[in-house]
Amino acid sequence: MQLVAADTTEAAESPGEDWWIAECVLVDSSQTEGSGDSDQDGDGSASPRFLQAQLSVDFDGAQTEDLPSPAQSDTEWLADIGKAGLSGLGLVQELTYPIWKQLPNSQKVLTDFNLSFRDISGFSKPTGQAYINQVDSLTGKFKDWKGLRLDYGPFPVKDAASGKFTMDPVMGKQMYAVGWHWNHHKAFDAFGIENHTEIKAGTFAETLGRTLEQAKPLGRAALVGGVALDAWAMGSALHTSLQSGDWDHTFVEAARIGGGWAGGWAGAQAGGGLGATIGTTFLPGIGTMVGGAVGGLLSGALGYLGGAAAGQSAAEQATGSLRPEP
């Protein structure tokens, strides 16, 4: 019995193709003439039986170090997670979330409200960090701002015992303090919070206010960073297509990016609205703000990932071209 190995690299079908073929030949010479299992030649003599196994790998001209590795796939996945987080953090502060639960206005009539983390009140020097806005039930807009907002700035001081504003004995004017407080306009019946109610240090409301205050510049930076990363990816795809003349990869990349941001927007909008509604049900005011922020952030990030995957998959099926690994 003999084992023979041969390298038949000359089997490459065309120039530029790299083939590696391993051929294993098992020769069974134990068969003798007259054996019923042997193959007979035309002269009646027994010929050896050959069992062959071939293994061929076509690298199509690529070097092994150019092939995608699991580490690269992991890196790309982590990059997508990072971009999803950036999009979620950026979008959560840019959108307005509907509250799917009506609250009473100053006439005790149930009306619609929404939540925003950007100032839409029209104040010249806004100091609010979160706004719950009373809106028209038909148009979703308002003429004069009414609602509740979480502020940091000056507010008139009230006497704890009498509940009246404290007056300066010398100037005869209201005394003001600077700090966190609630402001409302014709929204007491909706939230049960007096106008200019001070928020004590160390409370959850103060922590929320400080968190939102710090998150605003981070949100802007995150939004710019997420857009910049996807713009760089799109630019790379365009450059590759210009060099190769194959525009399918650019189409796939554009669909992936567009689907990601569309999914992030839709996810943040839906998740923020759901979170704000649930928070309003349990704790109107602060629960509204917390639920909207958490829901918008998480759903925006998940929506980006899902939208990017859906857009890429649809484009790959349409073009028959897979997105190349980075």
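About the thresholds
- Residues numbered from 1 in each chain as written.
- Predicted model: local features only at pLDDT ≥ 70, side-chain atom pairs only at ≥ 80, totals over all residues.
- Heavy atoms only, no water.
- Buried < 20%, exposed > 50% of the residue type's maximum accessible area, 1.4 Å probe, protein only.
- Helix = DSSP H or I, 4+ residues; strand = E, 2+ residues; numbered from the N terminus.
- Pairing = 2+ DSSP bridges.
- Axes fitted to C-alpha atoms, helices over the stretch in contact; angles between N-to-C directions.
- Parallel < 35°, antiparallel > 145°, perpendicular 65-115°, else oblique.
- Left-handed = near helix turned anticlockwise from the far one by under 90°.
- Contact = heavy atoms within 4.5 Å.
- Nonpolar A, V, L, I, M, F, W, Y, C, P; charged D, E, K, R; others polar.
- Salt bridge = Lys/Arg side-chain N within 4 Å of Asp/Glu carboxyl O.
- Phe/Tyr/Trp six-rings, centres within 6.5 Å; stacked < 30°, edge-to-face > 60°.

A.B. asks: Please explain the pairing of strand S8 (residues 110–116) as it appears in this structure.
C.D. replies: Side-chain positions along a regular strand alternate between the two faces of the sheet. For S8, the buried fraction is high: 6 of the 7 residues fall into the buried class. Bridge count for strand S6 (residues 96–98) against S8 is 3 bridges, and the pairing is antiparallel. Looking across to S8, one finds that proline 98 is bridged to asparagine 114. Examined bridge by bridge, strand S7 (residues 103–104) and S8 share 2 bridges and lie antiparallel to one another.

A.B. asks: Would you explain the packing of helix H3 (residues 204–244) against helix H4 (residues 248–282) in this entry?
C.D. replies: Relative placement of two packed helices is described by the angle separating their axes and the distance separating the axes. Packing of H3 against H4 leaves a shortest axis separation of 9 Å and a crossing angle of 165°. It follows from the interaxial angle that H3 and H4 lie roughly antiparallel. For the pair H3 and H4, the crossing hand works out as left-handed. Where H3 approaches H4, its residues Leu223, Gly226, Val227, Asp230, Ala233, Met234, Ala237, Leu238 and Ser241 are matched on the opposing element by Thr250, Glu253, Ala254, Arg256, Ile257 and Trp261. For the contact of H3 with H4, the class distribution of residues is 9 nonpolar, 3 polar and 3 charged.

A.B. asks: Sorry if this is basic, but what is going on with the pattern of salt bridges here?
C.D. replies: Pairing between side chains becomes possible if they bear opposite charge and their charged atoms approach one another. This model, assessed by the stated rule, comprises 10 salt bridges. In this structure, aspartate 80 engages arginine 256 in a salt bridge whose closest nitrogen and oxygen atoms are separated by 3.8 Å. With aspartate 80 in helix H1 (residues 70–92) and arginine 256 in helix H4, this pair connects stretches of sequence that are 176 residues apart. Taken as a pair, aspartate 80 and arginine 256 share a single burial class, namely buried. Put simply, aspartate 230 and arginine 256 hold a salt bridge, and the shortest N to O gap is 3.6 Å. In this pair, aspartate 230 is assigned in helix H3 and arginine 256 in helix H4, connecting sequence segments 26 residues apart.

A.B. asks: Help me understand the packing of aromatic side chains, please; the structure alone is not making it clear to me.
C.D. replies: The full count for this structure, using the stated rule, is 4 aromatic pairs. Aromatic side chains tyrosine 97 and phenylalanine 117 sit 6.4 Å apart centroid to centroid with 65° between the ring planes, which places their arrangement in the edge-to-face category. With a gap of 20 residues between them, tyrosine 97 in strand S6 and phenylalanine 117 in the loop between S8 and strand S9 (128–135) connect regions that are remote in the sequence. Each of the two residues, tyrosine 97 as well as phenylalanine 117, counts as buried.

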